[in-house]
Amino acid sequence: MSSELITELNKLSCLESVATELCAKLQYSKQRECSSFVECDDAVIKLLTENTKLKHRLAIIKQAISAEQKTVSEINFDSALLIMKHLESIFSQAIGLAYPEYSSTPVIIAAVNNVSSKFGDYQCNNAMALAKKMKENGINKSPRQIAEEIQSCCPTSPIIEKIEVAGAGFVNVFLSKTYAVRALTNLLRDGVSPPSVPKKRVLVDFSSPNIAKQMHVGHLRSTIIGESVCRLLEFLQHDVIRINHLGDWGTQFGMLIAHLEDRFPHFLTESPPIGDLQAFYKESKKRFDEDDDFKKRAYNHVVTLQAGDQKSIKAWQLICDVSRQEFQTIYKRLDVTIKERGESFYQSRMLSTVEFLQKKDLLELDDGRKIMWPNANKNGIPLTIVKSDGGFTYDTSDMAAIRHRIEEELANWLIYVVDSGQSTHFNLIFEAAKRCGILNPNEHRVDHVQFGVVLGEDGKKFKTRSGDTVKLSDLLDEGMNKSLKQLQERGRDQILSPKELSDAQEAIAYGCIKKAESSLKWGRSENTTPETNLPKRGSGTTLARVSEDKAVSKDQQTVHLLIPRPSDATGTREYRSYSEVASAEKYAVIPKVCTKALLSTKQLSPIQGAVKP
């Protein structure tokens, strides 16, 4: 029962009591022919009329309460599985019935981490806070007494097996195993229907490798988490824009163009055979560091490139095209879909953004550069919008990007999937965007989905400047080799066709790598198999552990299901995972949910364990 209905019901009950008492007095006065009440006939009639109206209102409210209670017991959870929302409704009613004066108290529901423990699946933790409030009002009740009264007022629910009070006043909720198994069976048979949520236009910025450098293992985490976030939001039927913010602009292109001119002087008419762009980059970097004349030419090419010189633009496009082909090969192997929109896209928009900020009088001169304070108090770190030489910075391009995404793309939810080392930068960008009016907190949502910084063997942030990195393609190849070995050891190559064996090999290799990489921040998840351990950088070893798999044929396709461990045979853990997917947007647990439910391969649907139709 909602708190509003409970409050209204209490008021009406009091008014009905007063009216009934007056009516009794009236009847008594008429029997005694008491003249003092005869003079009040008009007032009494008015009270009787009001009483009739109140009774009518009371009947309507009681009918609404009955319908709401019926809805609680008969609601179909198979489609949405919003466990947290349902439990909030259950305990909101219980608190309102047990303590009407505290009916507006927010319900505190927490998931119990260890599902197999004696403490159930969820806990309602309101008792202690209510005991404190009551004590302030002169009412002495222990949290356990309060918890017991809340428990006794809980309406029945098809998803709850039992509710117990434990300890000082914790109300433990045990999900119905029978209902969970039935719900999961329906999900696997019919698929998962998205819950009803307000639809948004969401832009997800992820992956973002640099042109002229091969993708390495450091790019894997953003790519996999970003893809998973997109799949989750698309499942929730949001309008999702996947953006690859490529590093395709900057001073490094000056040295690359200069080196291209020297190595392939006829590049304008003959396509240069750049087979290994990483080696090409290392050669140009070495010359840049050791040859002053080459460095001068490189800086000149930066100027001509930014000025739109056709020869420089042609050289830049050739270098970008080689990188795009390599990137696309990796994305295809990982089943990642993403739209390129590099830093170069925002060049013209950076000019208009500087003008926009200048008109708002938000730019200040500081040693020849133009800076912007993210807040009106001018404390913290300022953004450098224009350098002293007139050039732009990452601050400029990110301000231009967020403006374009909100004003031109019309996105009302922005998600940046970038390592935690960039958290300070993004906090400043978001704060500055709010200050200048680009970002309206009442209309727009922005999130930085952080993950741990990828470190090299030296314990420092993984970088590509030296060119000595573990290539992502090498890691994927190694995973394929290890998964094939595991399948052969189990004799799967003897019972599967070549196509089925290849599909299984990819599913295991890429699935293991995705699963392990995305789980590094939140700890290893134990509810599904197969699993893998990523290698230590440079070790050259991928340890893959593949469980006994089951393959079923559907529409002549082999589909490998992720089988729950025996300890989870009841299905309550998987049931909870689906509920978290459904409620991810409200409770802001996107990365955790993606780790649990959306790290799929081509053989699996976006939701873990469900077979693609």
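What counts, and where the lines are drawn
- Residues numbered from 1 in each chain as written.
- Predicted model: local features only at pLDDT ≥ 70, side-chain atom pairs only at ≥ 80, totals over all residues.
- Heavy atoms only, no water.
- Helix = DSSP H or I, 4+ residues; strand = E, 2+ residues; numbered from the N terminus.
- Buried < 20%, exposed > 50% of the residue type's maximum accessible area, 1.4 Å probe, protein only.
- Areas by Shrake-Rupley, 256 points an atom, 1.4 Å probe, with all protein chains shown as cover.
- Polar contact = N/O pair within 3.5 Å; in protein donor to acceptor, adjacent residues only side chain to side chain.
- Core = buried A, V, L, I, M, F, W, Y, C linked by side-chain atoms within 4.5 Å.
- Contact = heavy atoms within 4.5 Å.
- Pairing = 2+ DSSP bridges.
- Axes fitted to C-alpha atoms, helices over the stretch in contact; angles between N-to-C directions.
- Phe/Tyr/Trp six-rings, centres within 6.5 Å; stacked < 30°, edge-to-face > 60°.
- Lys NZ or Arg CZ within 6 Å of the ring centre and 35° of its normal.
- Parallel < 35°, antiparallel > 145°, perpendicular 65-115°, else oblique.
- Left-handed = near helix turned anticlockwise from the far one by under 90°.
- Nonpolar A, V, L, I, M, F, W, Y, C, P; charged D, E, K, R; others polar.
- Arc of directions from axis to C-beta.
- Expected span 1.5 Å × (residues − 1).
- pLDDT = per-residue confidence, 0-100.
- Salt bridge = Lys/Arg side-chain N within 4 Å of Asp/Glu carboxyl O.

A. Structural view of the overall build of the chain. On a plain count of helices and strands, the chain comes out with 20 helices and 16 strands. Burial status across the chain gives 50% buried among its 613 residues. On the chain, roughly 30300 Å² of surface is accessible, and the fraction owed to carbon and sulfur atoms is 51%.

B. Layout of the environment of serine 103. Along the chain, serine 103 falls in the loop between α4 (83-98) and β1 (109-111). The exposure class of serine 103 is buried, given its relative accessible area of 7%. Within the structure, the side chain of serine 103 is placed 3.1 Å from the backbone oxygen of proline 100, a separation counted as a polar contact.

C. A look at the nonpolar core. Membership of the largest hydrophobic core comes to 57 residues, with the highest contact counts inside it found for Val204, Ile211, Leu233, Phe253, Trp316, Ile415 and Val417. The leading source of residues in this core is helix α12 (residues 310-333), at 10 residues. Once residues lying within four places of it in the same chain are set aside, the contact partners of phenylalanine 253 are Ile211, Gly247, Asp248, Leu305, Trp316, Ile319 and Cys320. Counting 31 residues, the second largest nonpolar core, distinct from the first, contains Tyr99, Ala127, Cys154 and Ile160.

D. Looking closely at the sheet that holds strand β3 (residues 160-166). One open sheet holds the 4 strands; their spatial order is β1-β2-β4-β3, and the pairing between them is antiparallel. Because the sheet does not close on itself, it has two edges, and the strands there are β1 and β3. Strand-to-strand twist in this sheet, taken as the mean axis angle between neighbours without regard to direction, amounts to 25°. As paired strands, strand β2 (residues 122-124) and strand β4 (residues 170-175) are joined by 3 bridges and run antiparallel to one another. Along β4, the bridge assignment pairs tyrosine 122 with valine 173.

E. Local environment of the pairing of β4. Of all 6 residues making up β4, 5 are buried, and the element is well covered by its neighbours. In the sheet, β3 pairs with β4 via 6 bridges, with the strands oriented antiparallel. When the bridges of β4 are listed, isoleucine 163 appears paired with valine 173. The loop that links β3 with its antiparallel partner β4 comprises 3 residues; one of these, glycine 167, has a positive phi angle of about 60°.

F. Inspection of the packing of aromatic side chains at higher detail. The tally for this structure, following the rule as stated, stands at 6 aromatic pairs. Aromatic side chains phenylalanine 288 and tyrosine 299 sit 5.7 Å apart centroid to centroid with 70° between the ring planes, which places their arrangement in the edge-to-face category. Of the two residues, phenylalanine 288 sits in helix α10 (residues 277-290) while tyrosine 299 sits in helix α11 (residues 292-307), which places them 11 residues apart along the sequence. Residue classification places tyrosine 299 among the partly exposed residues on the basis of a relative accessible area of 43%. Taken together, Tyr416, Phe426 and Phe430 form an aromatic cluster joined through their ring pairs. Its end group placed over the ring of tryptophan 413, lysine 200 keeps NZ or CZ at 5.2 Å from the ring centre. Over the ring of phenylalanine 288 we find lysine 295, and its NZ or CZ is 5.3 Å from the ring centre.

G. Quick look at the packing of α10 against α11. Orientation of α10 relative to α11, taken along the N-to-C sense of each, is 110°, at an axis distance of 6 Å. The angle between the axes of α10 and α11 places the two elements in the roughly perpendicular class. As for the relative orientation of α10 and α11, their crossing is left-handed in sense. Note on element contacts: α11 touches α10 through Asp292, Phe294, Lys295, Arg297, Ala298 and Tyr299, opposite Ser284, Arg287, Phe288 and Glu290. Taken together, the residues of the contact of α10 with α11 break down into 4 nonpolar, 1 polar and 5 charged.

H. Examining the side chain of serine 312 more closely. Structurally, serine 312 is set in helix α12. On the accessibility criterion, serine 312 (2% relative accessible area) is buried. Excluding residues that lie within four positions of it along the chain, serine 312 makes contacts with Ile257, His301, Thr304 and Leu305.

I. The sheet that holds strand β5 (residues 201-205), seen in detail. Pairing is parallel in the open sheet, where 5 strands are placed in the order β7-β6-β5-β11-β12. Strands with a single pairing partner mark the edges of an open sheet, and in this sheet they are β7 (339-340) and β12 (445-449). Here 5 bridges tie strand β11 (residues 413-417) to β12, and the two strands are oriented parallel to one another. Pairing of tryptophan 413 across the sheet is with arginine 445, part of β12. Set on the sheet, helix α14 (residues 394-407) makes contact with β5, β6 (239-244) and β11; between it and β11 the angle comes to about 145°. The strands that helix α15 (residues 423-435) touches are β11 and β12; relative to β12, the one it contacts most, it runs at about 170°.

J. The arrangement of helix α5 (residues 127-136) in detail. For α5, every residue scored as buried is listed here: Ala127, Leu130, Ala131 and Met134. Considered in projection along α5, the buried side chains sweep an arc of 105° and stay on one side of the axis. Those residues of α5 that are exposed and angled more than 90 degrees off the buried face are Lys132 and Glu136. The elements touched by buried residues of α5 are α4 and α6 (143-152).

K. Local environment of helix α16 (residues 472-489). Helix length check: α16 (18 residues) gives 26 Å between terminal C-alpha atoms against 26 Å at 1.5 Å per residue, within 8%. Downstream of α16 by a residue or two, glycine 491 has a phi angle that is positive, lying close to 75°.

L. Here's a closer look at the environment of proline 194. Mapped onto the secondary structure, proline 194 falls in the loop between α7 (177-190) and β5. Along the sequence, proline 194 and glutamate 234 sit 40 residues apart, while their C-alpha atoms lie 9.5 Å from each other. Other than its neighbours up to four places away in sequence, proline 194 contacts Phe235, Leu236 and Gln237.

M. View of the confidence of the model for the chain. Of the residues in the chain, 69% reach a pLDDT of 70 or more, and the chain-wide mean stands at 76. Per-residue pLDDT stays below 50 along residues 71-80; that stretch engages in 24 contacts with residues further than four places along the chain or on separate chains. Note that residues 520-570 has pLDDT below 50 and, in this model, 114 contacts with residues that lie over four places away or in other chains.

N. Structural context of the pattern of salt bridges. For the coordinates displayed, the defined rule picks out 28 salt bridges. The salt bridge involving glutamate 364 is made with lysine 378; its shortest N-O contact spans 2.6 Å. You can see glutamate 364 sitting in strand β8 (residues 364-366) and its partner lysine 378 sitting in the loop between β9 (369-372) and β10 (383-386), a full 14 residues away along the chain. What makes glutamate 364 partly exposed here is its relative accessible area of 28%. For lysine 378, a relative accessible area of 42% translates into the label partly exposed. Ionic pairing is found between arginine 369 and aspartate 366, a salt bridge with its closest N-O pair at 3.0 Å. Residue classification places arginine 369 among the partly exposed residues on the basis of a relative accessible area of 26%. A relative accessible area of 27% means that aspartate 366 is categorised as partly exposed.

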